[in-house]
Each structure stands twice: as structure tokens, then as C-alpha cells.
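Structure assessment
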Amino acid sequence: MTLKTQQIALAAVFISLSAIGGMVKIPLGIASIALDSMPALVAALFLAAPLAGFVAAAGHVLSALFSGMPLGPFHLLIALEMFAVVWLFATLHRNGKTWLKWAAFIVGNGVVAAVPFYFLLSPAFFYASVPGLLLAASVNAAIAGLAIPFVTQAARRFV
């Protein structure tokens, strides 16, 4: 599969937006809410699932870099999880699963992605981080859900 220049440029724009969203941090216990995954959710409308997942992974890595990589190399695992969750979101979107895609993103990003840390770090870390992760996923999904109609309408003007 070859990527068109337009797709690469669009992915770069969404990665840039993810980087900006990653700078918006709201501290919340162990976790913090950052708006780094919201642009990846919007990117799922325009990009293939793997490329939208890459936007999410890159956005997470940039967000983690801005905060000093508090979990060290575990951020690479989180980036892979973000790739998978947004890839699933984009796939569900392409298949017309409008409501399921939102639930899959929130549960995948807020609970399932934290499961490895139950074993890698501690059960306490898992239980302490899940409420913040669920809130962060919900905020990112809500903002993306609000933005999508406007972005879609704007995109129609250029196509």
C-alpha cells in the first residue's frame, strides 16, 4: 500500500494537533487529562485505520515527552495501545458502528489499556489510574464528537 502525499500531509496535521492537545494537561491524581487523542479520533474520519492509529500513537509519545516521560519506556506500550484503540475506533467508524465506536474507545482507552499495568507495576496503580483514564477518554471523545460535525462540514467545502 502506498500513501498519497495528501494522506501523509493530513496525518502530519493531525499529529501536530495531537501535540498541541498533549500540551493541555489537567492533573487528576496519578493520571492527567490531555487532549492528545481527540485529533486522532477526528482523523479516523479522513484516514485509513492504521494511519489514524499512528496519529494516536505519535500524539501520545509527544504528550508524554512534554510531561517528562513519567512512565519511562512504558510510554511505548501505551503508544501501541493507543494505536490499537484508535485503529479499532476507525474500523468501527468505517463499518457504520456509530455508537459502538465511542464505547469501544472509552472502554479501550480507559480500562483495557490499563490492564497490563496491573501486572507490570501494581494493582494499586491500576485502580488509581482507571478513573482518571476513563475521564480523560470521555473528555477526548466528547470534544471529538462535538468537533466532528464541524470538521466534516468544513471538509466538504474543500472536496
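Everything in this summary refers to the structure shown in the same document. (Residues numbered from 1 in each chain as written. Predicted model: local features only at pLDDT ≥ 70, side-chain atom pairs only at ≥ 80, totals over all residues. Heavy atoms only, no water.)

It is worth spelling out a nonpolar patch on the surface at this point. There is a patch of nonpolar side chains on the surface, built from Val13, Leu17 and Ile20 and spanning about 260 Å² of accessible area. Structurally, the position occupied by Leu17 is in helix H1 (residues 5-23). (Patch = residues over 30% accessible without salt bridge, like charges linked within 9 Å, V, L, I, M, F, W, Y side chains within 5 Å. Areas by Shrake-Rupley, 256 points an atom, 1.4 Å probe, with all protein chains shown as cover. Salt bridge = Lys/Arg side-chain N within 4 Å of Asp/Glu carboxyl O. Helix = DSSP H or I, 4+ residues; strand = E, 2+ residues; numbered from the N terminus.)

Phi at Met69 takes a positive value of approximately 50 degrees, unusual for a residue other than glycine. Relative to the helices and strands, Met69 resides in the loop between helix H3 (49-66) and helix H4 (74-94).

All right, on to the environment of Val61 then. Among the secondary structure elements, Val61 is positioned in helix H3. With relative accessibility at 26%, the residue Val61 sits in the partly exposed group. In sequence terms Val61 and Asp36 are 25 residues apart; their C-alpha atoms lie 9.4 Å from each other. (Buried < 20%, exposed > 50% of the residue type's maximum accessible area, 1.4 Å probe, protein only.)

For the rest of this paragraph, the subject is helix H5 (residues 98-110). Compared with an ideal rise of 1.5 Å per residue, which puts 13 residues at 18 Å, H5 spans 19 Å between its outermost C-alpha atoms and is within 8% of the ideal. Within H5 the residues assigned to the buried category are Lys101, Trp102, Ala104, Phe105, Gly108, Asn109 and Gly110. Where the residues of H5 are buried, they touch helix H2 (38-43), H4 and helix H7 (123-158). (Expected span 1.5 Å × (residues − 1). Contact = heavy atoms within 4.5 Å.)

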